[in-house]
Amino acid sequence: MEMNKDTVLTLLKEIIHPEKKQDIVSLGCVKRIAAGDSGIEIELVLPRKHDPFGSSIKRNVLSLLEQHFGKTTPITVTLLEEEQKKNVSEKSGISSIKNIIAVSAGKGGVGKSTVAVNLAIAVALQGYRTGLLDADVYGPSVPIMTGSTDYKPFVKEEDGLQKMIPLDKFGIRIMSIGFFVDSSSPVIWRGPMATNVLKQLIHQTDWGSMDYLFIDLPPGTGDIHISIVQELPLTGAVIVSTPQKVALADVVKGIEMFRADKINVPVLGIIENMAWFTPEEMPSHRYYIFGKEGCRKVAEKYHVPLLGQIPLVMGLTEAGDEGIPVALDQETQTGKAFHELSLAVIKAVEERNRTLPPSKKVEVKK
Ligand SMILES: Nc1ncnc2c1ncn2[C@@H]1O[C@H](COP(=O)(O)OP(=O)(O)OP(=O)(O)O)[C@@H](O)[C@H]1O
Ligand SMILES: [Mg+2]
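Residues numbered from 1 in each chain as written. Chains lettered and ligands numbered in written order. Predicted model: local features only at pLDDT ≥ 70, side-chain atom pairs only at ≥ 80, totals over all residues. Heavy atoms only, no water.

J.: Help me understand the site of ligand 1, please; the structure alone is not making it clear to me.
T.: Lining the immediate environment of ligand 1, one finds 17 residues, of which Gly-109, Lys-112, Ser-113, Thr-114 and Thr-317 sit closest. Residue Val-110 places a main-chain N or O atom 3.1 Å away from an oxygen atom belonging to ligand 1. Take Thr-114: an N or O atom from its side chain is 2.5 Å from an oxygen atom of ligand 1. In the complex, 80% of the free accessible area of ligand 1, which totals 630 Å², lies under the protein chains. Mapped by element, the contributors of at least two residues to the shell around ligand 1 are α4 (112-125), β14 (267-277), β15 (306-312) and α10 (314-322). Ranked by residues supplied to the shell around ligand 1, first place goes to α4 with 3 residues. Classifying every residue of the shell around ligand 1 gives 8 nonpolar, 7 polar and 2 charged. (Near = heavy atom within 4 Å. Polar contact = N/O pair within 3.5 Å; in protein donor to acceptor, adjacent residues only side chain to side chain. Areas by Shrake-Rupley, 256 points an atom, 1.4 Å probe, with all protein chains shown as cover. Helix = DSSP H or I, 4+ residues; strand = E, 2+ residues; numbered from the N terminus. Nonpolar A, V, L, I, M, F, W, Y, C, P; charged D, E, K, R; others polar.)

The structure is reproduced here in structure tokens:
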């Protein structure tokens, strides 16, 4: 038999994948064949990552080719995994999400998680299909704030990939690392582990088709932020801050991080949390305990909208601890504030989509 690409390809049709019960050529596993004076080189990509039949298929290919072209012909068969990765992202659970919005803050404890949870619910109440990803893998607070610390995601297998089913509660789909670890003890990951866990939460959640996915980020500007912009095409970011000076310096850092040359994520606006204190029994009183209009000034300086102001009310902390988000009741002061905020965020996203091209994932060079 003459040794060329076609004869090798014809022979490879005899190799059947034991699980798929089809030959490796029809399965599209043969990615490259080189056949010439220097021998035969074959590159295969099998249907599953770490395919359990990989080594037996490789052995069968080698022995078949040796039978036909003799033992002295140099033959190399390589199993590739690279393509596999591409397949994973093509099949990623995020492929049918229209808008992905990061909820960020330069500083800890300013109310990112509170805003992310309530904003997601308020957007869902407008009739949009909405999800919430808790990307704070070091200190996930979404399970407590949504009263779902006992939820254990069901895992299903699809095309050889494991997919986690998000929690469906309060009209939104929720995923958090807190569903997999004991949320009463702090989660300690080394950097690369945390980013790997986050990648799985992003791509292996069965989000389904959605209009909005909000991402609750950890505080600051670290590894997780970089992973998020690499893994997800962010539509934009909103930045949460309280009105006092120290917090505002961090807003600037946050804006600059998203606007940095290589990152280039549109900043949709600032959300002022704890904008004023209003006692429950005196809803018309406003005490500006952290200063007045701080966020508005920064917003003007950086030419971004101030998307909303959320008052500081005792009930909000209690609601967070009890796992019943305030946005569910739009008659309350805070419920109203989140309702208005959701309108402003939707408007800012629509405006962004009209004026800017769709976001791409960021390639960060190592
Ligand atoms: N507007 C508000 N009124 C009253 N309490 C609030 C308000 N916003 C947030 N809180 C409370 O402040 C605390 C911190 O809020 P939250 O956990 O949302 O902040 P965070 O920025 O996500 O924190 P971390 O940086 O730890 O992730 C919580 O106990 C929350 O209930
Ligand atoms: Mg938080």
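J.: Even after reading the chapter, I still don't get the packing of aromatic side chains, so can you show me in this structure?
T.: Any pair of aromatic rings gets described here by the distance separating the centres and the angle formed by the planes. All told, the structure shown has 5 aromatic pairs when counted by the stated rule. On the basis of an interplanar angle of 80° and a centroid distance of 5.1 Å, the ring pair of Tyr-151 and Phe-179 is categorised as edge-to-face. Taken together, the residues Tyr-151 in the loop between α5 (142-145) and β8 (155-158) and Phe-179 in the loop between β11 (172-176) and α6 (191-203) connect sequence positions 28 residues apart. Arranged with centres 6.4 Å apart and planes meeting at 35°, the rings of Phe-277 and Tyr-287 form a pair that is tilted. A residue pair is termed long-range when its members are at least 10 positions apart, and Phe-277 in strand β14 and Tyr-287 in the loop between β14 and α9 (294-301) qualify at 10 residues. (Phe/Tyr/Trp six-rings, centres within 6.5 Å; stacked < 30°, edge-to-face > 60°.)

J.: So what exactly am I meant to see when it comes to the packing of helix α1 (residues 5-12) against helix α2 (residues 54-69) here?
T.: What describes two packed helices is the angle between their axes and the distance between those same axes. In contact at an axis separation of 10 Å, α1 and α2 are set at 130° when each is read in the N-to-C sense. With respect to each other, α1 and α2 are oriented oblique. Read as a crossing pair, α1 and α2 show a hand that is right-handed. Counting all contacts with α1, which are made through Thr-7, Val-8, Leu-11 and Leu-12, the residues of α2 involved are Val-61, Leu-64, Leu-65, His-68 and Phe-69. The class makeup of the residues in the contact of α1 with α2 is 7 nonpolar, 2 polar and no charged. (Axes fitted to C-alpha atoms, helices over the stretch in contact; angles between N-to-C directions. Parallel < 35°, antiparallel > 145°, perpendicular 65-115°, else oblique. Left-handed = near helix turned anticlockwise from the far one by under 90°. Contact = heavy atoms within 4.5 Å.)

J.: Any chance you could explain the environment of Lys-98 here in plain terms?
T.: With respect to the helices and strands, the residue Lys-98 is situated in strand β6 (residues 97-104). Assessed through its relative accessible area of 55%, Lys-98 is described here as exposed. C-alpha of Lys-98 to C-alpha of Thr-130: the two residues are 32 residues apart in sequence and 10.0 Å apart in space. Once residues lying within four places of it in the same chain are set aside, the contact partners of Lys-98 are Arg-129, Met-210, Asp-211 and Thr-235. Side-chain polar atoms of Lys-98 contact the side chain of Asp-211, separated by 3.2 Å. (Buried < 20%, exposed > 50% of the residue type's maximum accessible area, 1.4 Å probe, protein only.)

Geometry only, nothing functional implied.
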